[in-house]
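# Structure assessment
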Amino acid sequence: QVQLVESGGGLVQAGDSLRLSCAASGRTLSFYAMGWFRQAPGKEREFVATITSTGSTYYADSVKGRFTISRDNANYMMYLQMNSLKPEDTAVYYCAGSRAGSASYYQNSYAYWGQGTQVTVSS
């Protein structure tokens, strides 16, 4: 059974940076795509970024150029570097693991989910 645990969330001001981490245990996910999703209050969960098993990355238009997804397969870690944060980035951020190596923007492509970490950006 795969377990994903996010960390690194917090309260920051607009323009600040945060780095989210996702630790995987129970099984290696190095052969599979992983992603970050987020859910703001009163809204549906949405795609943020994904990284394939070979390191290709894809981003939502709303975060492109500000966020960077990366992974460290040797240490079962994934990261989301978030720069130039905006109040509209406020959400619970979820780490997700796929069962396929290719990228996907769709939540139902991901079989494993973390519990989420809160990111709050004040104006």
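Provided above is the structure to which this section pertains.
Residues numbered from 1 in each chain as written. Predicted model: local features only at pLDDT ≥ 70, side-chain atom pairs only at ≥ 80, totals over all residues. Heavy atoms only, no water.

### Topic: the overall build of the chain
From N to C terminus, the chain includes zero helices and eleven strands. In sequence order, the chain lays out its α and β elements as β-β-β-β-β-β-β-β-β-β-β. Principal axes of the C-alpha set define a box for the chain whose edges measure 40 × 25 × 25 Å. In the chain, which comprises 123 residues, the share counted as buried stands at 45%. Sequence separation of 24 or more characterises 59% of the internal contacts of the chain that already satisfy a separation of 6 or more. Total accessible area computed for the chain in this model is approximately 6,200 Å², and 46% of it derives from carbon and sulfur atoms. (Helix = DSSP H or I, 4+ residues; strand = E, 2+ residues; numbered from the N terminus. Buried < 20%, exposed > 50% of the residue type's maximum accessible area, 1.4 Å probe, protein only. Contact = heavy atoms within 4.5 Å. Areas by Shrake-Rupley, 256 points an atom, 1.4 Å probe, with all protein chains shown as cover.)

### Considering the pairing of strand β4 (residues 34-39)
Within β4, five of the six residues are buried, which leaves the element mostly enclosed by the surrounding structure. As paired strands, β4 and strand β5 (residues 46-51) are joined by five bridges and run antiparallel to one another. Bridge pairing links W36 to A49 in β5. When β4 meets strand β9 (residues 91-98), the two strands line up antiparallel, connected through six bridges. In the sheet register, R38 faces β9, and the bridge partner there is Y93. (Pairing = 2+ DSSP bridges.)

### Some details on the state of the cysteines
Applying the stated criterion to the full structure yields one disulfide. One disulfide in the model links C22 with C95; its S-S distance is 1.8 Å. Taking the sign of the torsion about the S-S bond as the criterion, the disulfide between C22 and C95, at about -55°, is left-handed. Within this pair, whereas C22 is found in strand β3 (residues 18-25), its partner C95 is found in strand β9, the two being separated by 73 residues in sequence. Using a relative accessible area of 1% as the deciding quantity, one classes C22 as buried. Given a relative accessible area of 0%, C95 falls into the buried group. (Disulfide = S-S within 2.5 Å.)

### What to know about the environment of Q107
Residue placement: Q107 occurs in the loop between β9 and β10 (110-113). What makes Q107 partly exposed here is its relative accessible area of 29%. In this structure, the C-alpha to C-alpha distance between Q107 and A49, residues 58 residues apart in sequence, is 11 Å. Those residues in contact with Q107 that sit more than four places away from it in its chain are F37, R45, E46 and W113. Polar contacts involving the side chain of Q107 include one to the side chain of R45, which spans 2.9 Å. (Polar contact = N/O pair within 3.5 Å; in protein donor to acceptor, adjacent residues only side chain to side chain.)

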